[in-house]
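In case you want the letters, here they are:
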Amino acid sequence: MPGDTYWSSVSLLLPFDGTNGSDALVDESDNAGDRTITDGALLSTAQSKWGGASLNLTWPSIDVTRWTGTPFNRTSGQAATIEGWLYVPTGTSDGGLIWEVGNHAVDFGYSGAELNVLTGAEFLESHTLTRDAWHFLQMRVQDDDTWDFLVDGSVLQSGTGLGSWSTGFSIGAQIGFEGVSTPSTSYYIDDVRFTKGYA
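What comes next concerns the included structure.

Conventions adopted
- Residues numbered from 1 in each chain as written.
- Predicted model: local features only at pLDDT ≥ 70, side-chain atom pairs only at ≥ 80, totals over all residues.
- Heavy atoms only, no water.
- Helix = DSSP H or I, 4+ residues; strand = E, 2+ residues; numbered from the N terminus.
- Buried < 20%, exposed > 50% of the residue type's maximum accessible area, 1.4 Å probe, protein only.
- Contact = heavy atoms within 4.5 Å.
- Phe/Tyr/Trp six-rings, centres within 6.5 Å; stacked < 30°, edge-to-face > 60°.
- Lys NZ or Arg CZ within 6 Å of the ring centre and 35° of its normal.
- Polar contact = N/O pair within 3.5 Å; in protein donor to acceptor, adjacent residues only side chain to side chain.

**Focus: the overall build of the chain**
Each helix and strand counted, the chain has one helix and 17 strands in total. Classification of the 199 residues of the chain by burial places 50% in the buried group. In the chain, 65% of the contacts between residues at least 6 apart in sequence involve partners at least 24 apart.

**Let's talk about the packing of aromatic side chains**
Inspection of the entire model under this criterion finds five aromatic pairs. In this structure an aromatic cluster arises from ring pairing among Trp50, Trp85 and Phe136. If you follow Lys49 out to its NZ or CZ, it ends over the ring of Trp50, 5.2 Å from the centre. The positively charged end of Lys49 is found above the aromatic ring belonging to Trp85, 4.5 Å away from the centroid.

**Some points on the side chain of Asp27**
Within the secondary structure, Asp27 sits in strand E2 (residues 24-27). For Asp27, a relative accessible area of 1% corresponds to the buried category. A polar contact is formed between the side chain of Asp27 and the backbone nitrogen of Leu13, at a distance of 3.0 Å. A distance of 2.9 Å separates polar atoms of two side chains, one belonging to Asp27 and the other to Ser29.

**A closer look at unusual backbone geometry**
Even without being a glycine, Asp132 presents a positive backbone phi close to 60°. Following the sequence through the fold, Asp132 ends up in the loop between strand E11 (122-128) and strand E12 (134-141). Taking the relative accessible area as the measure of exposure, Asp132 reaches 40% and is therefore partly exposed. The backbone phi angle of Asp152 is positive, close to 50°, even though this residue is not glycine. Its location among the elements puts Asp152 in the loop between strand E13 (147-151) and strand E14 (154-159).

Here it is as C-alpha cells:
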C-alpha cells in the first residue's frame, strides 16, 4: 500500500467492511483472500469505527476461523503487533475472547466490565472500559521478546516471558471464541491488523 512503510510486513488486515448481515470477510493484506467465519458472527452497520461496518460477535455464535500458515507464525526474536478497535455496548455483561494469536498464549478477553490480558489460564491485568465507545487495543512484542499491551495508547501491562508469544509460535491467529459466553454477550471489533517485523 503506497505510503505505508510497513505494508510488506502486514500478514492480516481485516477492515470488516461490507453489507449488513454478511458473513464474508476480505483480507486486504498481500495475503489477500476470503477469511471464513466459523459460527455465524456477521458484519454489522449498527456500529463502525471506519468504513461503515464492523464485525458483531454475539452469543452463541462468535467464533471466527483460526488462520494458520507462515504469515501467522512468529519466531523468537521477531517483532510483531496485533491491533484493532473494540466497542462494547451497554447491556453486555459477559464475553469471550476478542482475539488470540498463538496457542492461547496471550489473549485480550472481555468479561463483565473489564478488559483482561491473559496468558493461557493466568490472569495478568484488567482494565475497566467505557461502554458505548470505541477503544484501540494493541499487543506488541519487540525483537528482544519484551511485551507491552496498550489500550487507547496507554500501556496496560508490560514484561517478558509470556508463554509462546515470547518464544515463538506456529498455531495461527483467531478472532472471537465461544468460551463462557452468555446470552448477554455482544460486542463489535473493527480494523484488525497483524504485522510482523515491527512493534
